[in-house]
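One-letter residues, chain by chain:
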Amino acid sequence: MICTGCSCLCDDIEFENGKILNACEKGFRHISGYKERRAKNIVNGKEVDVDTAIDKALEILKSTKKAVIYGLDTSTVEAQRIAIKISEKLNCYIDDNSSFCLGEFVEAILKKEVPTSTLEEVRDKAYVILYWGTNPYHSLPRHMSKFTYYPRGSKRNRGYDEDRFLVVIDVRKSEVAKLAKKNARFIKVENDIELIESFLKAIEGKASKYDVAGILREMKRADFNVIFGGLGLKYGLKGNYSYLYNLIKKINEFTPLFFIPAGFHSNMRGFNETLFEEVRAINKFSFLEKKSSPSFAFSELVKNENVDVAMIVGTDPLSSLPYEVSRKLLDMKKIVIDPRETITAKIAEVSICSAFSGIETEGEMVRSDGIRVKLSPIDKSEIDDVYIFKKILEGL
Ligand code: SF4
């Protein structure tokens, strides 16, 4: 089975005598608890059958010219594709969590602005492995043991303490930073832009605020190095993404260095890639204006009261967005499609219970490095995102 607990999409989950093997704690809870706290099909506070809930959702969607479809990062690619068609038919907005997560990094990769690679290549070849602003201990629990630092690779077969050089850049000594002992460096960063400038100065042989010359020397020893960039790096760059891409380009002039985003929902990259195939934008898209814009991010649309209906799929904005934004959700109509009962579902006009992607329904997801993975469910539910979205699309 493929675990859909995070964007590692581990493909080695097995079952033996009722036990789940190989999953991390997060994956174990994701798989073993899928029958708990399930959403109900509800219309205006009353439990109904699924088709009645879908009919009510349709009625709400047809009654507006200002709708947004939001979430979709745990839906399969097949479901995401239909949701995009619904947005097109409604001439409405569509956005996902990547607009405040790592969307910009995925976009740079899709536009080939930065060289990237696969996790298998990292496992087999990578020497310097740099985690920048991300702590896989929590967000991607098996990233280091399955793909990056710990496994022996075909060209890195002497063990991590000899054949890998670990670099962790973070604002605090995270669990992963504590591993940076032998053949490793931890940099406590206060300013990511200054750190990038230090790398650039070190390349020119000049002194700099952060001592990074040793890391560059290690990179030069290898023919494969990688940066895993997370949310800490994204927000540390303060919108100046070109600083990072320029640094990667400069380092590539003397040694190969790849970039892979790290730490997001199981199929966020799938959403970005699917929308990109359709409209050449990865998120924050308006089918009415036929463009992507920061003002079309879900949080901005809600904050500025630019939408009056939200179809929210597989995410819980009421519990994750700042209060000033989430309180405005109260004033609009909400259709929530989710396998779990969420706080947003409790205040929604319509709540529809969908299947867990990968556990109860098949389809495809895209791993954090862009590898497409076919899901192999252990249970079967007819009512999944594809069923619900197809019904909505047909009814529009
Ligand atoms: S690392 Fe992620 S995909 Fe792998 S078992 Fe854990 S939660 Fe599941």
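Relevant structure appears above.
Draft legend 1. Structural context of the site of the ligand. Cys-3, Gly-5, Cys-6, Leu-9, Cys-10, Ala-23, Cys-24, Lys-26, Gly-27, Pro-141 and Arg-142 make up every residue found near the ligand. For the shell around the ligand, a count of residues per class yields seven nonpolar, two polar and two charged.

Draft legend 2. Structural detail: the packing of helix H4 (residues 103–110) against helix H13 (residues 268–279). Where H4 meets H13, the axes come as close as 10 Å, and the angle between the chain directions of the two elements is 50 degrees. By the angle between their axes, H4 is oblique relative to H13. Where H4 crosses over H13, the two elements pack in a sense that is right-handed. Contacts between H4 and H13 involve Gly-103, Val-106, Ile-109 and Leu-110 from the first element and Met-268, Arg-269, Asn-272, Glu-273 and Phe-276 from the second. In terms of residue class, the contact of H4 with H13 is built from five nonpolar, two polar and two charged.

Draft legend 3. Examining a nonpolar patch on the surface more closely. Where nonpolar side chains cluster on the molecular surface, the patch consists of Phe-100, Leu-231 and Tyr-235 and spans about 290 Å² of accessible area. By relative accessible area, Leu-231 is classed as partly exposed at 36%.

Draft legend 4. Expanded view of helix H18 (residues 385–395). Within the span of H18, buried status applies to Asp-385, Ile-388, Phe-389 and Ile-392. What you see down the axis of H18 is that its buried residues fit within an arc of 90 degrees, all on one side. Buried residues along H18 sit against helix H2 (50–62), helix H3 (77–90), strand E14 (309–313), strand E15 (333–338) and strand E16 (350–353).

Reading the values: rules and limits
- Residues numbered from 1 in each chain as written.
- Predicted model: local features only at pLDDT ≥ 70, side-chain atom pairs only at ≥ 80, totals over all residues.
- Heavy atoms only, no water.
- Near = heavy atom within 4 Å.
- Nonpolar A, V, L, I, M, F, W, Y, C, P; charged D, E, K, R; others polar.
- Axes fitted to C-alpha atoms, helices over the stretch in contact; angles between N-to-C directions.
- Helix = DSSP H or I, 4+ residues; strand = E, 2+ residues; numbered from the N terminus.
- Parallel < 35°, antiparallel > 145°, perpendicular 65-115°, else oblique.
- Left-handed = near helix turned anticlockwise from the far one by under 90°.
- Contact = heavy atoms within 4.5 Å.
- Patch = residues over 30% accessible without salt bridge, like charges linked within 9 Å, V, L, I, M, F, W, Y side chains within 5 Å.
- Areas by Shrake-Rupley, 256 points an atom, 1.4 Å probe, with all protein chains shown as cover.
- Salt bridge = Lys/Arg side-chain N within 4 Å of Asp/Glu carboxyl O.
- Buried < 20%, exposed > 50% of the residue type's maximum accessible area, 1.4 Å probe, protein only.
- Arc of directions from axis to C-beta.

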